[in-house]
Structure formats: structure tokens, C-alpha cells
Amino acid sequence: MTEDDAQAAAALRQWRERVPDAVLLDGFHALKHALRFGADVRPALAGDKAAALALAAGLAPDLSEDLDRLLVEVPPRELRELVPRIHATGVAALAARRDRRANLDALSRRPRQAPVVVLDNPRNLGNVGAVVRLAAGFGATGVVTTGDVDPWHPNAVRSGAGLHYATAVERLDLGELPDGPLYALDPEGEDIRSLTLPDDALIAFGSERHGISAELRGRADRLVSLPMRPQVSSYNLATSVAMALFHWGGPRE
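In short, a report on the structure.

About the criteria used
Residues numbered from 1 in each chain as written. Predicted model: local features only at pLDDT ≥ 70, side-chain atom pairs only at ≥ 80, totals over all residues. Heavy atoms only, no water. Helix = DSSP H or I, 4+ residues; strand = E, 2+ residues; numbered from the N terminus. Rg over C-alpha atoms; globule rule 2.2 N^0.38 Å. Buried < 20%, exposed > 50% of the residue type's maximum accessible area, 1.4 Å probe, protein only. Contact = heavy atoms within 4.5 Å. Salt bridge = Lys/Arg side-chain N within 4 Å of Asp/Glu carboxyl O. Pairing = 2+ DSSP bridges. Axes fitted to C-alpha atoms, helices over the stretch in contact; angles between N-to-C directions.

**Notes on the overall build of the chain**
Looking only at helices and strands, the chain has 10 helices and 10 strands in total. Scaling as 2.2 N^0.38, a compact globule of 253 residues should have a C-alpha radius of gyration of about 18 Å, and the chain matches this with 20 Å. Taking the principal axes of its C-alpha atoms as reference, the chain extends roughly 70 × 40 × 35 Å. Here the chain holds 253 residues, and 48% of them are scored as buried. Taking the intrachain contacts of the chain between residues at least 6 apart in sequence as the baseline, contacts between residues at least 24 apart amount to 80%.

Put into C-alpha cells, the structure is as follows:
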């Protein structure tokens, strides 16, 4: 057995030991973002390490040395046995989930400098990941989901491109929401353009089909609506979050 073969065998063994409790980083971009925001990553596998490093040289030169050290080349057939489907970049990794206590501390710390996005019983994991990606990009304090969907599900992490490590992402009951004024998006609410969303707000969005729950509506300090042309029924969840965060981050009087 060559040294490379031994390294690949050790990485595959480590993968199988860690996979029950680890977060799957599916693809180069998820791995890139996780590393940039301090994730504990190991192992990291590539069907073609040279191709992955070439990708890093063009898209993430700041991580080239780390990726050269972390990535272990394994036969593509072995990679196919470990992940549901191989990402087009031929890269997959495992990482420790962000510490829950640290996330909860970040969400509850006052005064907050940026809102917390609340997704009330979301159903689509792709939408959850897209919202996490938006929240990370806007510098939101975090994303909280209610209901039974795990916001750290592999499909959500994939859609979020690994940016779960850039913000605090947790699932909580409504009674566990952090303190702060609760602004809930609802078609009957005040036009968001007439309001200033405070930095410490909780901005809540309902499920894709049913909107906000009666319980969340009852807890809301303000109901807020997005501008929408008559006869258009709704926006995609991620689009709604983007519009609200853009309004929050816009010019202040």
C-alpha cells in the first residue's frame, strides 16, 4: 500500500466514524465557506485533489494552503458510497456542528446590532438554506426556525453553501425566541416601506403555504407587509427575507 493509499484509507475510516454526528459539507463552496468561518472540518475528501486545488486557486486563494493540507484524494467510487450524490466539484467534507450554547448566546445578547430572522414552521429545506445564505450575507445575527424541520439538515446546508457557520442557526420553540420587538410578515400588516426595522428586531416569516401561525401572530408587536401587485398571491420565502433585510439595511433618516 502506498502512502497515498494509506492516507485515503485513514480518511475514509475517519469519515465513517464521524458521520453520525457531523454536518455534511457537500461541494467545494460549502467547504470554502465553512473554513472561512471557523468550522472544525475533518475529513475533507476529493475525487480529484488537483482539480479541487485549481478551483481554490481561482475562487478561494486565501484557503489554498488549508485545502492542500486538508483534502485527501479518494477514488470517486468510494466517494459515491459516502454521499447521496457527488457534487459537481467532486468535494465533500464533514464538520462539527456549531456549538448550540454559543449560538444561543449570540441570539440572546443585547443590544443586538442586526436582526434575527425567524422562520415559523418552514417546510422546504432548500428555502431554509437560501435564507441562511441571505442572513449571512446581510450580517444578520442569526436564523431561528420553529417546527420539526432541522435547519442543519444536509439539504439546508447544501442550499446555504456552508454559510451556517457564518451566523447563528438554531431551531427553537416559539416560547424560546430571543427577546426583542417581533415584526411578523403578514399581508394584512403595515407597509414595510413606512417603517424602520430596529437593529434588535426579530423579523418573522410564515411557512410557504400557510403563513405565520396564530400563536406567532398573537405574540407579534407589529404586523408588516411587503409591497405586492394585486392578484399576485405571494413571494418565495427567500425573496421575502431578502426584501425585508434589504429594507432594514437601507438608508436611515
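**Remarks on the side chain of serine 240**
Residue position: serine 240 is located in helix 10 (residues 237-249). Accessibility expressed as a relative area gives 11% for serine 240, which makes it buried. Leaving out residues up to four positions away in the same chain, serine 240 has contacts with Phe205, Leu226 and Tyr235.

**Quick notes on the pattern of salt bridges**
Following the criterion strictly, the structure yields 14 salt bridges and no others. Note that lysine 49 is salt-bridged to aspartate 68, the shortest N-O span being 3.5 Å. Of this pair, lysine 49 sits in helix 3 (residues 49-59) while aspartate 68 sits in helix 4 (residues 64-70), placing them 19 residues apart in sequence. When the shortest N-O distance is used, the salt bridge between arginine 100 and glutamate 170 registers 2.7 Å. With arginine 100 in helix 6 (residues 100-108) and glutamate 170 in strand 7 (residues 168-171), this residue pair connects regions lying 70 residues apart in the sequence. Judged by relative accessible area, which is 39%, arginine 100 ranks as partly exposed. For glutamate 170, a relative accessible area of 2% puts it in the buried group.

**Focus: the sheet that holds strand 4 (residues 91-95)**
Read across the open sheet, the four strands follow the order 1-4-2-3; overall the sheet is mixed. The open sheet has two free edges, formed respectively by strand 1 (23-26) and strand 3 (71-73), since each of these has just one partner strand. This sheet shows a mean twist of 25° between the axes of neighbouring strands, independent of strand direction. In this sheet, strand 4 lies alongside strand 2 (residues 41-46) in antiparallel orientation, the contact comprising four bridges. Counted as the bridge partner of leucine 45 is alanine 92 from strand 4. Against the sheet, helix 1 (residues 3-18) contacts strand 1, strand 2, strand 3 and strand 4, and its axis sits at roughly 125° relative to strand 2. Across the sheet, helix 3 is in contact with strand 2, strand 3 and strand 4; its angle to strand 3 comes to roughly 145°.

In short, geometric facts, not functional conclusions.
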